[in-house]
Amino acid sequence: MSGAAAPAALRELFVEMNDLKRVRSAGREGSIAERLFAQGWGLFTGGASPDDVALDITATTLAATRLCDLDAAFLSAAGLSDAAASAVLVAGFDAVAGDLDPDLRDRLRGRLAPRPPGRPGPLPSFVAALAQQPRAGVTCPGRARILLEPPENHAEHCLIVAVYGVCLSPFYRADPGTVFLAAMAHHFHNAAMPDAGFTGEMLLGDHLDPIMAVTTGWAMSELDGPLRGHVERARAVLPDDATAEGRAFHAADCVDRVLQIAQHLRGASTTMTAVLDEWELVHAGPVKGFHDRVLRDMRIP
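This report concerns the structure included in the present document. (Residues numbered from 1 in each chain as written. Predicted model: local features only at pLDDT ≥ 70, side-chain atom pairs only at ≥ 80, totals over all residues. Heavy atoms only, no water.)

Here we look at the overall build of the protein chain
Within the protein chain one finds 15 helices and zero strands. Since a compact globule built from 301 residues should have a radius of gyration of about 19 Å, the 21 Å found for the protein chain is in line with a globular shape. C-alpha atoms of the protein chain, sized along the principal axes, occupy 65 × 55 × 45 Å. Within the span of the protein chain, comprising 301 residues, buried residues form 42% of the whole. At a minimum sequence separation of 6, the contacts of the protein chain that also span at least 24 residues come to 72%. Element-wise, carbon and sulfur atoms account for 58% of the exposed surface of the protein chain, whose accessible area totals about 15800 Å². (Helix = DSSP H or I, 4+ residues; strand = E, 2+ residues; numbered from the N terminus. Rg over C-alpha atoms; globule rule 2.2 N^0.38 Å. Buried < 20%, exposed > 50% of the residue type's maximum accessible area, 1.4 Å probe, protein only. Contact = heavy atoms within 4.5 Å. Areas by Shrake-Rupley, 256 points an atom, 1.4 Å probe, with all protein chains shown as cover.)

Written out as structure tokens, the structure reads:
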């Protein structure tokens, strides 16, 4: 294949968005990514189409990339009108969405306008199970694993891959709803199957595919007829990169797996000079001069 295999312009957005696996707030269970995974499945079981869920959850995720849990529910509870809350969400979205495909960006921004929320349906048990299932870390046959704490869970991974896939879909000319749903369902087997990584898969040998088929079937059995059909059709793109949707999914999955590890390495390699000088940990304000003298006199750092 000639030409670029992925759009480099989205790199910084994806790096920043990846942190939604690690952002939590008081009174809310789990990370933002974990909760958006559940929200997406609630919309699916409530009867929303894959395209609608893909656009709604992706728009919400992009706004949360900067606003975190300053979301529609909080802004409304704090007294903002629907129009004012929408304006805040759009501002958060616009702060990060500049490099998206323009047509996709406009469609996503429109999802943040005031409108009646979708009615969620019951959550299948695999949603909570995937949120409780840690991912394996870095594994390779014949080597001890590299386990980085805290581990992400499978709900977080699936959500971020799904949103990356929507963002990438114009580049590959893929259908965003199909890519999103495929990503949301691509680890169904891990709702019941502990994740031993690449090493465990190789050790299972010929038993791997039958076990994955059984455990995937357990998750699929929780879905009703129409939704189950949507999921089956979307999951058909998972085995290879022969389709546009398969390429968008596999690009998103690969990027997320690597950025997850890069986040740990980035944190470990950050210097205090960078934090103080570039990130302005002790930032400008009426007492900055005093703060600087305190740190200097105490020889910190």
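So, next bit.
Observations regarding the nonpolar core
Among the nonpolar cores identified, the biggest contains 73 residues, and Met17, Trp41 and Phe180 are the most heavily contacted of them. For this core, the element with the highest residue contribution is helix H8 (residues 154-172), accounting for twelve residues. In this view, Met17 contacts Thr61, Leu62, Thr65, Ile160, Val163, Tyr164 and Cys167; residues no more than four positions away in its chain are not counted. (Core = buried A, V, L, I, M, F, W, Y, C linked by side-chain atoms within 4.5 Å.)

Here we look at unusual backbone geometry
Between Glu149 and the following residue, Pro150, the backbone shows a cis peptide bond with an omega angle of -5°. Within the element layout of this structure, Pro150 appears in the loop between helix H7 (125-132) and H8. With omega at 5°, the peptide bond leading from Ile300 into Pro301 counts as cis. By the secondary structure assignment, Pro301 is in the segment after helix H15 (288-297). The backbone of Arg299 shows a phi angle near 55°, a positive value even though the residue is not glycine. Looking at the element boundaries, Arg299 is found in the segment after H15. What makes Arg299 exposed here is its relative accessible area of 75%.

Observations concerning the environment of Ala251
Structurally, the position occupied by Ala251 is in helix H13 (residues 244-269). With relative accessibility at 15%, the residue Ala251 sits in the buried group. Separated by 245 residues in the primary sequence, Ala251 and Ala6 have C-alpha atoms spaced 7.4 Å apart.

Observations concerning a nonpolar patch on the surface
Together, Val287, Phe290, Val294, Met298 and Ile300 make up a nonpolar patch on the protein surface, roughly 460 Å² of accessible area in all. Note that Val294 resides in helix H15. Residue classification places Val294 among the partly exposed residues on the basis of a relative accessible area of 31%. (Patch = residues over 30% accessible without salt bridge, like charges linked within 9 Å, V, L, I, M, F, W, Y side chains within 5 Å. Salt bridge = Lys/Arg side-chain N within 4 Å of Asp/Glu carboxyl O.)

Comments concerning the pattern of salt bridges
A side chain with one charge can pair with a side chain of the opposite charge if their charged atoms come near. Taken as a whole and judged by the stated rule, the model has 19 salt bridges. A salt bridge links Asp19 to Arg22; the shortest N-O distance between them is 2.9 Å. Judged by relative accessible area, Arg22 falls into the partly exposed class, the value being 26%. For the salt bridge of Arg111 with Asp56, the shortest nitrogen-to-oxygen distance reads 3.2 Å. Residue Arg111 is found in the loop between helix H6 (102-110) and H7, and its partner Asp56 is found in helix H3 (residues 50-67); the two are separated by 55 residues along the sequence. For Asp56, a relative accessible area of 18% translates into the label buried. Residues joined by salt bridges that share partners form a network here, namely Lys21, Arg135, Glu152 and Asp256.

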